[in-house]
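# An overview of the molecular structure
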Amino acid sequence: MKKQYVTLNLENINRVPVLQHRSSHRKSLWRAWRQLSRLQKNLIVTLWCSIILVIFYWVIFNSQRGLDDVKSDKHIKEPDEDGQKVHEDVDETFQKIPEIDSKVVVDKLFVEEPVNKKPIQIDETRKAQPFVPKPQETITVRQRAVVNAVKHAWTGYKKYAWGHDHLRPISLGYQDWFHLGMTIVDSLDTLYIMNLTKEFGEAREWVEKSFIFDHRNDDVNLFEVTIRILGGLLSAYHFSNDGLFLEKAADLGERLLPCFEKSPTAIPFSDVNLVSHTARVPRWSSDSSIAEVSTLQLEFRDLSRCTKEPKFEKAAFAVSEHIHKLRKPDGLVPIFINPNTGNFNFDSEIKLGARGDSYYEYLLKQWIQTGKTVDFLKQDYIEAIDGIMKTLTKTTPKRKLTFIGELKSKSRTFSPKMDHLTCYLPGTLALGVHNGMPNKHMKFAEQLMETCYYMYKDQPTGLAPEIVYFNYEPEKGGVDMYVHSQDTHNLLRPEFIESLWAMYSITGNETYQQWGWEIFQALEKYTKVANGYTCINNVLDPENTKPRDFMESYFMSETLKYLYLLFSPNRRLIDIDKLVMNSEAHPLPIYSY
């Protein structure tokens, strides 16, 4: 058989097949893609986009988390089941954390540079005010119980939320509102007054090393930061005569000023960015709350007097002067005001509860703080109290409980609804009478005190709900006071205890001490947990209070501080003729204007 041969051309064997393979591979992929349905194509595109977003988020998250680990002065574990970051023991890790240059961190995080401000010149030679009391050397059994409560709350906060705004004592985590270590700064003067030198030293060290503003590109609320943080720093300065606190207060004051400077009217914007110095109205409204814009003046005035920089007082007091010129039927104000127009929103409610309360409080306290020299503050206050008694006050038919209701938005019809917040008013009224206001205000205060007491006493837990309603029409029958299901929560609020202290301080009536002791025991029984204290959701059921797992900064700043002062054998441990409490219970000196 004849052999047959096949000749192979091996030229370019290393190149041609490869190119042909690649070309055919691309064609097969494209052909496969074109053969897919529209649904399949959309699913593939969505999958790839999701993968890219996950990778991007992971990079950003871990970068930011690394910065948070350093700036929190703590080692942070992975989030627990509730999504809260939980801390390790600080003692094992604190020394491992390197010091960082805050400016470097800011440059990495933000594009916009901070606005350069003229530095505040602080008088380092200033001596301690002679009226500042020294801590009590001996305390009563009831005061000791309150001190133990503060130490219990502080221990839980230090262990699980140090450097953060609020403690979550059940899940053993924290909540940040403004990332300013709010509980620490808010508690400074409480720790000082109670002679808790170790805890005060811990707080002071944190303020010195970690209380910096150029670390969060977040907006903060002017009102809350002023009464809690600025007020806390100033009060700590007056008590300790430590210039560190004034230096921090001055820096903060500069960063809050844009709320006034950026507004086209005397009414400040509600929110400000402490890094970029930008200010704006709240995201949920074009208006600001009347209580928020009119509850800044004590703190900004004191800052001006301490730093000899009049701009702080000038900016804040211009708000009061502006509101004084506005029309106020019966001296009462709607709860919203527009910073762009400078006018009230007359469609909003009139009330002494949320968003309205401290406007009336600061009329009196400003007048006192300025040495009773600003007449329009006194006039506006008296007119407002007369309006409250005439328009908002009713009495129940059975127990004759005097209460303060609200005027609804637009219709101005009366609502027999009273917030627990309103229970600050008896103490304010008593303070006014102590400073020469009409004697009828004291009778009104005593009547309101009884009502506020029964807001606690009538509940099975002995703790007041957030809101109560009253039956003031005899023909309707039923109970005098009732609580709606959505209002049964207790937020560890201080307002009634503040009034108990003020009334006891002025009258010496020991009944107010007993009422305060009953409330403190209820707090111990129903809100104390292993690592702090918590707000609860249901004051109507002692067996199921439904803890909220949240401890507000004002619990130590106000609630426990006022209880400690209330139980003191020295009714004037805080001398109300030389000091005036701001809305967060931070004592500030009284000046002559």
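The structure reproduced in this document is the subject of the present report. (Residues numbered from 1 in each chain as written. Predicted model: local features only at pLDDT ≥ 70, side-chain atom pairs only at ≥ 80, totals over all residues. Heavy atoms only, no water.)

## Details of the environment of E543
Residue placement: E543 occurs in the loop between strand 16 (532–533) and helix 20 (554–566). Considering only alpha carbons, one finds E543 and T461, 82 residues apart in sequence, at a separation of 9.2 Å. (Helix = DSSP H or I, 4+ residues; strand = E, 2+ residues; numbered from the N terminus.)

## Here we look at the pattern of salt bridges
Opposite charge on two side chains allows them to pair when their charged atoms are near. Summed over all chains, the structure comprises 26 salt bridges. With a closest N to O distance of 2.7 Å, K561 and D189 form a salt bridge. Of the two residues, K561 is situated in helix 20 and D189 in helix 6 (residues 188–193); the sequence distance between them amounts to 372 residues. Pair check on accessibility: K561 and D189 agree, each one buried. Of the charged contacts, one joins D271 and R280 as a salt bridge, the two residues approaching to 3.2 Å between their closest N and O atoms. (Salt bridge = Lys/Arg side-chain N within 4 Å of Asp/Glu carboxyl O. Buried < 20%, exposed > 50% of the residue type's maximum accessible area, 1.4 Å probe, protein only.)

## Some details on the sheet that holds strand 13 (residues 467–470)
The three strands are arranged 12-13-14 in an open sheet whose pairing can be described as antiparallel. Because the sheet does not close on itself, it has two edges, and the strands there are strand 12 (417–419) and strand 14 (481–482). Here strand 13 runs beside strand 14; their pairing, made up of two bridges, is antiparallel. Directly across from F470, in strand 14, lies its bridge partner M481. (Pairing = 2+ DSSP bridges.)

## What to know about the packing of aromatic side chains
The final tally for this structure, using the stated rule, is 28 aromatic pairs. Between F211 and F213, the ring centres sit 4.9 Å apart and the planes meet at 75°, which makes this aromatic pair edge-to-face. The burial state of F211 is the same as that of F213; both residues are buried. Taken together, the ring pairs connect Y192, F200, F239 and F245 into an aromatic cluster. Just above the ring of Y591 sits the side chain of R305; from NZ or CZ to the centre is 5.2 Å. (Phe/Tyr/Trp six-rings, centres within 6.5 Å; stacked < 30°, edge-to-face > 60°. Lys NZ or Arg CZ within 6 Å of the ring centre and 35° of its normal.)

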